Amino acid sequence: MLALLALALVAVALAAPIVVRETARRRAARRAAKSREAFDLPLYDPGRERRAEQRARELLRSCVNAEEWAMYRDLGFIRIGGKHARRDADRSGRAPAYAYLIYAHKPIVAFVPQSGQLLSEYCVEFPDMSGGRHRLPASDDVLAKWMALTSDEDRVIRRANMHLVGRQLDPARIRRDLWRLAEWERRRQRRRQVASSE
């Protein structure tokens, strides 16, 4: 019995370094696998976002009217009249009492078209629910805001975070955009007049 116990102790003493080495090797392999996982990101496709934006522009173009599409294409934003103002303007033929400028990834800006007075900023967000990116492509963001305002303006305005103009957007930039919009409309009107006179 004593001989078996001595033999078992010798076997444990000889096996101990092998067990320690194997344990250390497995720990190192586990650490290496974890560090690889941290860097095992999917390959970045630089054209993916450009293709997504191109598809979003095509969708926007198919949904908005020709003037709004041309406005977005040329100026980078869309102006739409407010719902109540659209109804009153349709009846009277006058310009709407208030309107919105819709920017990509920026607040919606309410203003008075007649005077250019800036009323407020409405912060709304439409996150990308497909996973991956955190923001929609720019044209999808504009389309989401356009659809929300034209279908249920009251709900959008009620749920938005409202701020005075200047909280996120520079009022001077918005006034410059309103000037650019007025110039853009004058040029389009002149082209229409020239085309109709020919």
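Each remark here, short or long, concerns the structure printed above.
Now for a quick tour of the structure. What you are looking at is a predicted structure, and each value in this text was computed from that prediction instead of being measured. (Residues numbered from 1 in each chain as written. Predicted model: local features only at pLDDT ≥ 70, side-chain atom pairs only at ≥ 80, totals over all residues. Heavy atoms only, no water.)

Here's the deal with the overall build of the protein chain
Step number 1: Across its full length, the protein chain holds six helices and five strands.
Step number 2: In the protein chain, the order of α-helices and β-strands from amino to carboxyl end is α-α-α-β-α-β-β-β-α-β-α.
Step number 3: Burial statistics for the protein chain: of 198 residues in total, 31% are counted as buried. (Helix = DSSP H or I, 4+ residues; strand = E, 2+ residues; numbered from the N terminus. Buried < 20%, exposed > 50% of the residue type's maximum accessible area, 1.4 Å probe, protein only.)

A few points about the pairing of strand 2 (residues 99-102)
Step number 1: A two-sided burial pattern is seen for strand 2, the buried positions comprising Ala99 and Leu101 on one face and Tyr100 and Ile102 on the other.
Step number 2: In the sheet, strand 2 pairs with strand 3 (residues 108-111) via three bridges, with the strands oriented antiparallel. Considered in strand 3, the bridge of tyrosine 100 is made with alanine 110.
Step number 3: Connecting strand 2 to the next strand, strand 3, in antiparallel fashion are five residues, including histidine 105 with a positive phi near 60 degrees. (Pairing = 2+ DSSP bridges.)

Details of the packing of helix 3 (residues 66-75) against helix 6 (residues 171-197)
The axes of two packed helices give the description: the angle between them and the distance between them.
Step number 1: At a closest axis distance of 11 Å, the pairing of helix 3 and helix 6 adopts a crossing angle of 125 degrees. Our classification of the angle between helix 3 and helix 6 gives oblique. The chirality of how helix 3 crosses helix 6 is right-handed. Contact with helix 3, carried on its side by Glu67, Ala70, Met71, Asp74 and Leu75, involves Arg180, Leu181, Trp184, Glu185 and Arg188 of helix 6 and no other residues of that element.
Step number 2: Looking at the contact of helix 3 with helix 6, its residues break down into five nonpolar, no polar and five charged. (Axes fitted to C-alpha atoms, helices over the stretch in contact; angles between N-to-C directions. Parallel < 35°, antiparallel > 145°, perpendicular 65-115°, else oblique. Left-handed = near helix turned anticlockwise from the far one by under 90°. Contact = heavy atoms within 4.5 Å. Nonpolar A, V, L, I, M, F, W, Y, C, P; charged D, E, K, R; others polar.)

Section: the sheet that holds strand 4 (residues 118-123)
Step number 1: Read from one edge of the open sheet, five strands run 1-2-3-4-5, paired in antiparallel fashion. What marks the edges here is a single partner per strand, and that holds for strand 1 (78-81) and strand 5 (161-163). Neighbouring strand axes in the sheet, compared pairwise and without regard to direction, differ in orientation by 25 degrees on average.
Step number 2: As paired strands, strand 3 and strand 4 are joined by four bridges and run antiparallel to one another. Directly across from alanine 110, in strand 4, lies its bridge partner serine 120.
Step number 3: Here helix 5 (residues 138-159) sits on the sheet in contact with strand 1, strand 2, strand 3, strand 4 and strand 5, set at roughly 135 degrees to strand 2.
Step number 4: Against the sheet, helix 6 engages strand 1, strand 2, strand 3 and strand 4, with an angle of about 105 degrees to strand 4.

Things to note about helix 6
Step number 1: The terminal C-alpha atoms of helix 6, which comprises 27 residues, lie 39 Å apart, in line with the 39 Å expected from a rise of 1.5 Å per residue.
Step number 2: Taken as a whole, helix 6 has its buried residues at Ile174, Asp177, Leu178, Leu181, Trp184 and Arg188.
Step number 3: Buried residues in helix 6 make contact with helix 3, strand 1, strand 2, strand 3 and strand 4. (Expected span 1.5 Å × (residues − 1).)

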